[in-house]
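# Overview (structure and organization)
In case you want the letters, here they are:
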Amino acid sequence: MRIHDGGNRATTASRATGGRRRAPRWARIVVAIGAVLTTGSGAALVATEVLIDRATANIAQVTLLDEGPTQRVARTIDGPINLLLVGIDVRPGWSAGARADTILIAHIPATHDQAYLISIPRDWRVPIPTDGSGHGGGTGKINEAFGAGYQGAGTELEKRARGFKLLSKTLKAQTGIVFNGAALIDFQGFQAVVRELGGVDMCVDQRASSIHLARDRTGKLVRVSFNERTKKVYNVPAGARVVVHEKGCRSMPAELALDYARIRYGLPNTDYDRQRHQQQLIKAMVRKATSAGVVTDLGKLDRVIKAAGRAFILDTQGVPVDDFLFTLRGVAAKDQIVLRTNRGTYNPTTINGVSYELMSAESMAMLHAVRDGTLAGYVAAHPEVRHRETAAATS
């Protein structure tokens, strides 16, 4: 059944109350950078505090997690912490208006000394519940839940919050995972952060043809279109050639880095390969953001932080940000552990002419371990769920 929303009643996306609060993820990054800067001078610490204030002043904080009568949310971070991170693409002319390209669960065990990342396949076939605003529910791909909730009247912020709520409600119904916080970022905002970083160093581990970009006769990047039904690129200007990312390591500008991380068509494991490339991009951004070329240039650092502030919408469920900072202080010192659903292999199932992804029993057990706060033990007993990076990706 195709998912759609015929409702037109706006759901108010209420801003957090209780005064201006700082955003946990980016404030933590800046605090870490500040620690590096203070080794040079006390003035740098003052400058860093100013940057934190400037960044967090721009971040919208709204209710993103569903709080219906049967939905439970976590308002404490004393035990295991689960965060729902969603990346969306919004384009004029789409019937859905917006879609969730990236759905990521970040799990921090009760020891608060490690972070696990699990990417949810966007084609996972799930029941999508009603949302109380006219959407009648149905069965479809999990990324359609965001688009269904996004439909209808309201401001852009209200529509995004409504879409996120339906997506989180759908995911919670399938996994039982209760989330402590959430973050939403769109493609344009993500690209703006990478642009202010001055690009990132990426290692392409497999040849990939773009479905978004081409180079014209002068070498300038131009946007092209892609038909998902025919799997064909179109609207390519005369004399232009579609961008092809060849294997190897190189510095990429924002447009190319984001393009590579979005490609799934033509790759052996489609969405799973894209998930891996997206996680590689995030790590490349962290490396660049904490490099000497950024942390010692307060002007550049200011621009990066402000771009990040404009890009994110956050929901901390009322937990004071200082509590997040203190509780997660040990996480930054360790690498993130990336876990794979369906062992990173794409095995589509066609139902009524539509290709879906079904979640294996092993993957559901892993998600239930997130729910139960026992993921560290599950991963220790099932090391095959861990993603092993190729040499190219870690160069």
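Keep in mind that this is a model prediction, so the values were computed, not measured.

Moving on, we come to the confidence of the model for the protein. Averaged over all residues, the pLDDT of the protein equals 79, while 75% of them reach at least 70. Note that pLDDT drops below 50 for residues 1-46; the model gives that stretch 104 contacts with residues more than four away or on any other chain.

Let's shift gears to helix α4 (residues 156-175). Under the 1.5 Å per step criterion, the end-to-end length of α4 is 29 Å for 20 residues, consistent within 8% with the ideal 28 Å. Most of α4 is tucked away: 16 of the 20 residues are buried. Trailing α4 by a residue or two, Gly 176 shows a phi angle of about 80 degrees, which is positive.

Read from one edge to the other, the open sheet built from seven strands follows the order β1-β15-β7-β2-β3-β4-β16, with strand pairing classed as mixed. Looking along the sheet, the strands with just one partner apiece sit at the ends: β1 (60-61) and β16 (337-339). In this sheet, strand β7 (residues 181-186) lies alongside strand β2 (residues 81-90) in parallel orientation, the contact comprising six bridges. Each residue of the ladder has a partner; that of Val 86, found in β7, is Leu 184. On top of the sheet, helix α9 (residues 298-311) reaches β7 and β15 (312-315); it is set at about 60 degrees to β15, its chief contact.

Thresholds applied
- Residues numbered from 1 in each chain as written.
- Predicted model: local features only at pLDDT ≥ 70, side-chain atom pairs only at ≥ 80, totals over all residues.
- Heavy atoms only, no water.
- pLDDT = per-residue confidence, 0-100.
- Contact = heavy atoms within 4.5 Å.
- Helix = DSSP H or I, 4+ residues; strand = E, 2+ residues; numbered from the N terminus.
- Expected span 1.5 Å × (residues − 1).
- Buried < 20%, exposed > 50% of the residue type's maximum accessible area, 1.4 Å probe, protein only.
- Pairing = 2+ DSSP bridges.
- Axes fitted to C-alpha atoms, helices over the stretch in contact; angles between N-to-C directions.

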